[in-house]
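Commentary on secondary and tertiary structure
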Amino acid sequence: MLLEEGLAVIEGGGEAVLGRDDLADCLRRGPSVDEPLFRAASAVLSRTVGPWVFVRGIVEMTNACRKNCYYCGLRSDHSALPRYSMPFEEIAAAIESGWAAGLRSFLLQSGELLGEPHIALVEKVLRWADESWGDSVRMVLSTGELPRAALERLKAAGGGRYLLRIETSDPVLYAKLHPRDGLHRFEERIQCLRNLRKGGWQAGSGVLIGVPWQTEESLAGDLLFLRDFGIDMCGMGPWIEHSGTPLYASRHEAPSRERRVSLTLRMIALLRILMPDINMSATTALQTLTPTGLERGLAAGANVFMPNLTPTRYRLDYNLYEGKTVVPDRIEDVLDRMSARCAAMGRTVVPGEVGDPLHFTKAPPVYSPPGEEGVGDHDDQVH
Ligand code: SAH
Ligand code: SF4
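Source: prediction; values computed, not measured.

Thoughts on the site of ligand 1
Near ligand 1 there are 18 residues, and of these Tyr-71, Arg-165, Glu-167, Arg-189 and Ile-240 occur at the shortest range. Ser-110 is positioned such that a nitrogen or oxygen atom in its backbone is 3.0 Å from a nitrogen atom of ligand 1. Measuring from an oxygen atom of ligand 1, one finds a side-chain N or O atom of Glu-167 at 2.6 Å. In the complex, the protein chains occlude 92% of the 540 Å² of accessible area that ligand 1 would expose alone. For the shell around ligand 1, a count of residues per class yields 9 nonpolar, 5 polar and 4 charged.

Some thoughts on the site of ligand 2
Around ligand 2, the neighbouring residues are Cys-65, Lys-67, Cys-69, Tyr-71, Cys-72, Leu-74, Arg-75 and Gly-111. Partitioning the shell around ligand 2 into residue classes produces 5 nonpolar, 1 polar and 2 charged.

Some details on helix H5 (residues 116–133)
Given a rise of 1.5 Å per residue, 18 residues ought to cover 26 Å, and the 25 Å separating the end C-alpha atoms of H5 matches this to within 8%. Considering only its buried residues, H5 is in contact with strand S2 (57–62), helix H4 (88–100), strand S3 (105–110), strand S4 (138–142) and helix H6 (148–156). Once H5 finishes, Gly-134 follows within two positions and takes phi at roughly 50 degrees, a positive value.

What to know about helix H2 (residues 20–28)
Among all positions in H2, only Leu-23, Ala-24, Cys-26 and Leu-27 are buried. Down the axis of H2, the sector holding all buried residues measures 160 degrees, keeping them to one side. In this structure, the buried residues of H2 make contact with helix H1 (3–11), helix H3 (34–48), helix H9 (216–229) and helix H10 (257–274).

A word on the nonpolar core
In terms of nonpolar packing, the biggest core is built from 114 residues, with Ile-95, Leu-108, Met-236 and Leu-271 touching the most fellow members. Examining the composition of this core, we find that 10 residues originate from one element, H10, more than from any other. In contact with Met-236, other than residues within four places in its own chain, are Arg-165, Gly-206, Val-207, Ile-209, Leu-223, Thr-264, Met-267, Ile-268, Leu-271, Met-280 and Thr-283. Counting residues in each nonpolar core, the second largest holds 11 residues, with Leu-45, Leu-107, Met-306 and Val-350 among its members.

Description of the confidence of the model for the protein
Confidence in the prediction for the protein averages 93 pLDDT; 95% of positions are at 70 or higher. Scored below 50 in pLDDT, residues 363–383 makes 39 contacts in the model with residues more than four places away or belonging to other chains.

Section: the sheet that holds strand S6 (residues 202–205)
With parallel pairing, 7 strands are arranged side by side in an open sheet as S2-S3-S4-S5-S6-S8-S10. Every other strand in the sheet has two partners, leaving S2 and strand S10 (279–280) as the edge strands with one partner each. By the bridge criterion, 3 bridges tie strand S5 (residues 161–163) to S6 in an arrangement that is parallel. Counted as the bridge partner of Arg-161 is Gln-202 from S6.

Points about unusual backbone geometry
Its identity is not glycine, yet Glu-167 carries a phi of approximately 70 degrees, on the positive side. Along the polypeptide, Glu-167 turns up in the loop between S5 and helix H7 (171–177). In the Ramachandran plot, Trp-213 falls in the positive-phi region, its phi being about 75 degrees despite a non-glycine side chain. Relative to the elements of secondary structure, Trp-213 occurs in the loop between strand S7 (208–209) and H9.

Quick notes on the sheet that holds strand S12 (residues 348–349)
The strand order across the open sheet formed by 3 strands is S11-S1-S12, and the pairing between neighbours is parallel. If you trace the sheet from one side to the other, it starts and ends with strand S11 (304–305) and S12, each paired once. When strand S1 (residues 52–55) meets S12, the two strands line up parallel, connected through 2 bridges. Bridge assignment links Val-53 to a residue of S12, and that residue is Val-349.

What about the pairing of S4?
Across the 5 residues that make up S4, a large majority, 5, are buried. As paired strands, S3 and S4 are joined by 5 bridges and run parallel to one another. Bridge pairing links Ser-105 to Arg-138 in S4. Direction of pairing for S4 relative to S5: parallel, over a ladder of 2 bridges. When the bridges of S5 are listed, Val-140 appears paired with Arg-161. Following the backbone out of S4, through H6 and into the adjacent parallel S5, one traces a crossover that is right-handed.

Cut-off values and rules
- Residues numbered from 1 in each chain as written.
- Chains lettered and ligands numbered in written order.
- Predicted model: local features only at pLDDT ≥ 70, side-chain atom pairs only at ≥ 80, totals over all residues.
- Heavy atoms only, no water.
- Near = heavy atom within 4 Å.
- Polar contact = N/O pair within 3.5 Å; in protein donor to acceptor, adjacent residues only side chain to side chain.
- Areas by Shrake-Rupley, 256 points an atom, 1.4 Å probe, with all protein chains shown as cover.
- Nonpolar A, V, L, I, M, F, W, Y, C, P; charged D, E, K, R; others polar.
- Helix = DSSP H or I, 4+ residues; strand = E, 2+ residues; numbered from the N terminus.
- Expected span 1.5 Å × (residues − 1).
- Contact = heavy atoms within 4.5 Å.
- Buried < 20%, exposed > 50% of the residue type's maximum accessible area, 1.4 Å probe, protein only.
- Arc of directions from axis to C-beta.
- Core = buried A, V, L, I, M, F, W, Y, C linked by side-chain atoms within 4.5 Å.
- pLDDT = per-residue confidence, 0-100.
- Pairing = 2+ DSSP bridges.
- Right-handed = clockwise from strand over helix to strand, strands pointing away.

What follows is the structure in structure tokens.
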């Protein structure tokens, strides 16, 4: 079947299998594929998740990191960056400001730290949120690869969701994007994602899009990895250069920024088609590269956005990439503006919903290629 025919079938509610070649082909095509692709993804979205847009308030609790990823401004060798760590009281106040504005889900993000003070602080925040709001709140962590014991501790303290991007499903590309120093091992990252699911977390992942040396085939492989693993949530966004990182020197080997936006939107749409019932965010990086990133991400199949609750004075130092704008806005005003923008495109922001991913709550059967062991140890799922 031709790609366009397959997309029309999907839009109409029928079944059409998009294989690796179709996915790569779709990512490679000219602009004429966008309309049928986004229409198909929107149709899938409205049949499953519906028009709702879930909200997570982000608190970037510390920009200290033990790792040294070649693309990231928080890497430990980036000595020009002033480091901060928010104390418990400030983290709690940031979350409370979001709660007062009606938010019911919060994402704690940080560099990767394994020391006891950091783990104990995350644990304290989770316990406090659990004691304050119980089942009315969903806390999400994105704090890097943690050992099993730490994950168990954080789960027991009230953690429920975890985001750990694999960055790429291609081990060779992974090795080009990270130092070979034993701290950055592809297999360990995948194992950590497995541990999360075995531990009963709602497991989220995603990839960087448009990094140097990445091909459309590699991105197609990413989509299949995410599907075969059976993730519950996805956040994937464009790579954005940072002059303080080693990858900056190879920026000419990356697609243009416009192309990175286009690839990101197509990746969102294709993943929505492959995984109709997951939650997927229109990421801050996408919104950084295009002012209408929120609308374009939602129109391509995303159903989550994440306003920032980090106090303004820390925000510029949470410097993953360049071009992050910091506008000292009240969360209420941000929500009003975002809600109006979503309403203008027929979508409804529901900040008061915890928005558990249907993929997790309903646990439909997960695809596993015949004759191959699924990448996610499906038999072990704890759903
Ligand atoms: N330290 C944790 C969480 C914070 S970093 C971790 O790495 O998992 C969160 C994400 O930021 C990373 O997964 C990476 O995909 C993204 N990121 C880092 N540098 C970036 C850049 N230059 N452009 C776009 N995204 C970037
Ligand atoms: Fe640290 Fe995460 Fe940045 Fe890697 S991507 S350097 S782990 S903050």
